[in-house]
Amino acid sequence: MTAAKSSTKQTAKPPKAAMATLRGPRGRILTGHRPTGPRHIGHLVGTLEQWAKMQDDYECFFLIADIHVLTTDYEHPKRIQSNIADVMIDWLAAGLDPQKATFVRQSALIEHSLLSTLLGMLTTVSRLERVPTYKDQIQQLNLNPSLGLLTYPVLQSADILIYKANLVPVGEDQLPHIELTREIARRFNSLYGETFLEPEGLLTKTARLPGTDNRTMHNSYGNTIKLGDSEEVTTKLVMSMYTDPKRLHADDPGTVEGNPVFEYHDAFNPNKDEVVDFKKKYREGKVGDVEVKKRLAEALNEYLRPLRERRAELVKKPDEALRILNEGTESARPLVEATTKEVLQKMGLL
Ligand code: TRP
């Protein structure tokens, strides 16, 4: 893998302008979110904590995939700008660091879209119709799919390949998109010569956190706890969380498995002995839901406190987060231009 080639140790941090052309000692990461609204605790434990750790070992690009938002949400253009600011603020509060990583905005680098068009030539419609996320979405939303929705994973492939990233940390639902990216890279390389790396998906280790109602956590279900929620709101949400529905009295034996209250305790309560003790007592009907939830609310608020303090500072200067996004985008521009030029040349357009 190309990543291994750059064995020369970087002693000092390279200047920002040179960042985009270097590859960190262990390789390059490209990953991102669609700016669909404020980030919640599921995003935090599912992705952001992992990304934050990776910044020290990899050259990281974090993408705000704003064009992808339009594949389903094109009727609400007003939301997008404020959602981008919200996501950036939450990302920074969660520890993503412009000193270590580069933040890029998809719509501001037209090369993402151009590469998507070009890669679309190598991708059949029938292949895209078999992508599970596409099939799920048209079924769930009961919609007449747009061309944009069908080509969503081609744009995502362009997002990844344009940086020649070799690792893409994502949730499980995104793995079929990485698989498509690999196929497109192989097809391009075999037609026009070695150009792209076949990137690998990197799965998050933590299990997915359920929503407060025990369904999948999703902003549109209203079952999330947001990073920006106050401690009072957080406590209220925890106190009204779904728990074992068969348990009517505090002395009824309760079920711990698949109970979101205990999944949250596992994720956020640092006092593991207390969690073990709660579970035992819960099974025996010796502790009430209220007590277990109260402790969870405290533990969760404590867990989130440093992040929320950083967030409160960022909210005070709303332009700062967008400035960081713009600067990152500009520093990535030479890299995406270079890849695009290479592709145009190989495909006979230059
Ligand atoms: N599809 C991703 C999601 O919904 C967002 C995304 C867009 C992405 N482009 C990407 C993720 C490139 C990783 C790499 O979560």
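First, a word on what this report is: a plain description of the structure on this page.

Cut-offs applied
Residues numbered from 1 in each chain as written. Predicted model: local features only at pLDDT ≥ 70, side-chain atom pairs only at ≥ 80, totals over all residues. Heavy atoms only, no water. Salt bridge = Lys/Arg side-chain N within 4 Å of Asp/Glu carboxyl O. Helix = DSSP H or I, 4+ residues; strand = E, 2+ residues; numbered from the N terminus. Buried < 20%, exposed > 50% of the residue type's maximum accessible area, 1.4 Å probe, protein only. Axes fitted to C-alpha atoms, helices over the stretch in contact; angles between N-to-C directions. Parallel < 35°, antiparallel > 145°, perpendicular 65-115°, else oblique. Left-handed = near helix turned anticlockwise from the far one by under 90°. Contact = heavy atoms within 4.5 Å. Pairing = 2+ DSSP bridges. Expected span 1.5 Å × (residues − 1).

### A closer look at the pattern of salt bridges
Any two side chains of opposite charge can pair, on the condition that their charged atoms come close.
Then, number 1: As enumerated under the stated definition, the model contains 25 salt bridges in all.
Then, number 2: Note that Lys-164 and Glu-342 form a salt bridge whose closest N and O atoms lie 2.7 Å from each other. Here Lys-164, found in the loop between helix H9 (152-161) and strand S4 (167-170), pairs with Glu-342, found in helix H15 (residues 318-346); they are 178 residues apart in sequence, far enough to count as distant.
Then, number 3: Judged by its relative accessible area of 19%, Lys-164 is buried.
Then, number 4: Between Glu-198 and Arg-186 there is a salt bridge whose closest N-O contact spans 2.7 Å.

### Here we look at the environment of Arg-187
Then, number 1: Tracing the backbone through its elements, the reader meets Arg-187 in helix H10 (residues 175-192).
Then, number 2: For Arg-187, a relative accessible area of 42% gives the class partly exposed.
Then, number 3: A sequence separation of 31 residues divides Arg-187 from His-218, and the C-alpha atoms of the two residues are 35 Å apart.

### Re the packing of helix H5 (residues 110-120) against H15
Then, number 1: One can describe the packing of H5 onto H15 by two numbers: an axis separation of 10 Å at closest approach and a directional angle of 25°. Taken together, the axis directions place H5 and H15 in an arrangement best described as roughly parallel. The handedness of the crossing between H5 and H15 comes out as left-handed. Between H5 and H15, the residues in contact are Glu-111, His-112, Leu-114, Leu-115 and Leu-118 and Arg-333, Val-336, Glu-337, Thr-340, Val-343 and Leu-344, respectively.

### Considering the pairing of strand S2 (residues 59-64)
Then, number 1: The element S2 is largely enclosed, with a buried count of 6 among its 6 residues.
Then, number 2: Burial along S2 is two-sided: Glu-59, Phe-61 and Leu-63 facing one way and Cys-60, Phe-62 and Ile-64 facing the other are all buried.
Then, number 3: In this structure, strand S1 (residues 28-33) lies alongside S2, joined through 6 bridges in parallel fashion. What sits directly across from Thr-31, in S2, is Phe-62.

### A few points about helix H13 (residues 272-284)
Since the α-helix turns once every 3.6 residues, residues separated by three or four places project in the same direction.
Then, number 1: Look at H13: 19 Å from first C-alpha to last across 13 residues, which is about the 18 Å you get at 1.5 Å a residue.
Then, number 2: Elements that come into contact with the buried residues of H13 comprise helix H12 (260-268) and helix H14 (289-316).
Then, number 3: Among the residues trailing H13, Gly-285 stands out with phi positive, at a value near 70°.

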